[in-house]
Amino acid sequence: MAKNSTPTTTDAAPRQTKQQIMIDLLRRPEGAGIEEITAATGWQSHTVRGAMSGALKKKLGLEITSKKVEGLGRVYRIER
């Protein structure tokens, strides 16, 4: 008799989405700049800004602040 080849449990780690990568970067104490998020996600800068405004602020209700830091430009953070 052949064994059932379908596993009953999965050993694979859950997939980390680009949105989750962006949230993780923004939750760091130092926050993240647009350039850093674009490098991590592969998105263009206008897509990052749109995701912050639409998905994170409006849909998820996260409070995102921005601050201009000398030498770094604008840095965004999710307030806890």
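Caption draft 1: Here's a closer look at the overall build of the protein. Secondary structure assignment for the protein yields three helices and three strands. Ordered by position from the N terminus, the helices and strands of the protein form the series α-β-α-α-β-β. In the protein, which comprises 80 residues, the share counted as buried stands at 26%. Expressed as a percentage of contacts within the protein between residues at least 6 apart in sequence, the contacts between residues at least 24 apart total 43%. When the accessible surface of the protein is split by element, carbon and sulfur atoms take 51% of a total near 6200 Å².

Caption draft 2: Representation of the pattern of salt bridges within the structure. Within this structure, the stated rule accounts for three salt bridges. Linking Arg28 and Glu36 is a salt bridge whose minimum nitrogen-to-oxygen distance equals 2.7 Å. With its nearest N and O atoms 3.8 Å apart, the salt bridge here joins Glu79 to Arg77. For Arg77, a relative accessible area of 30% gives the class partly exposed. Where salt bridges share partners, they join Arg28, Glu30 and Glu36 into one cluster.

Caption draft 3: Region of interest: the nonpolar core. Judged by nonpolar contacts, the single largest core of 15 residues is most densely connected at Met22, Leu26, Ile37, Met52, Leu56 and Ile64. Breaking this core down by element, the ones donating at least two residues are α1 (18-27), α2 (34-41), α3 (45-59) and β3 (73-79). Apart from the residues lying within four places of it in its own chain, the contact partners of Leu56 are Gln19, Met22, Ile23, Leu26, Ala51, Gly61, Leu62 and Ile64.

Caption draft 4: How the structure looks around α1. By the burial criterion, the buried members of α1 are Met22, Ile23, Leu25 and Leu26. When α1 is viewed along its axis, its buried side chains cluster within an angular range of 160° and face the same direction. Buried residues in α1 make contact with β1 (32-33), α2, α3, β2 (63-69) and β3.

Caption draft 5: Molecular detail of the sheet that holds β3. Ordered in space as β1-β3-β2, the three strands form an open sheet in which the pairing is antiparallel. The open sheet is flanked by β1 and β2, the only strands paired with a single partner. Relative to β3, β1 is paired through two bridges, and the arrangement is antiparallel. Among the inter-strand pairings, Ala32 is bridged to a residue of β3, identified as Tyr76.

Caption draft 6: Main features of the side chain of Thr38. If you trace the backbone, Thr38 turns up in helix α2. A distance of 2.8 Å separates the side chain of Thr38 from the backbone oxygen of Glu35, its partner in a polar contact. Setting aside its immediate chain neighbours within four residues, Thr38 contacts Trp43, Gln44, Ser45 and Val48.

Criteria and thresholds
Residues numbered from 1 in each chain as written. Predicted model: local features only at pLDDT ≥ 70, side-chain atom pairs only at ≥ 80, totals over all residues. Heavy atoms only, no water. Helix = DSSP H or I, 4+ residues; strand = E, 2+ residues; numbered from the N terminus. Buried < 20%, exposed > 50% of the residue type's maximum accessible area, 1.4 Å probe, protein only. Contact = heavy atoms within 4.5 Å. Areas by Shrake-Rupley, 256 points an atom, 1.4 Å probe, with all protein chains shown as cover. Salt bridge = Lys/Arg side-chain N within 4 Å of Asp/Glu carboxyl O. Core = buried A, V, L, I, M, F, W, Y, C linked by side-chain atoms within 4.5 Å. Arc of directions from axis to C-beta. Pairing = 2+ DSSP bridges. Polar contact = N/O pair within 3.5 Å; in protein donor to acceptor, adjacent residues only side chain to side chain.

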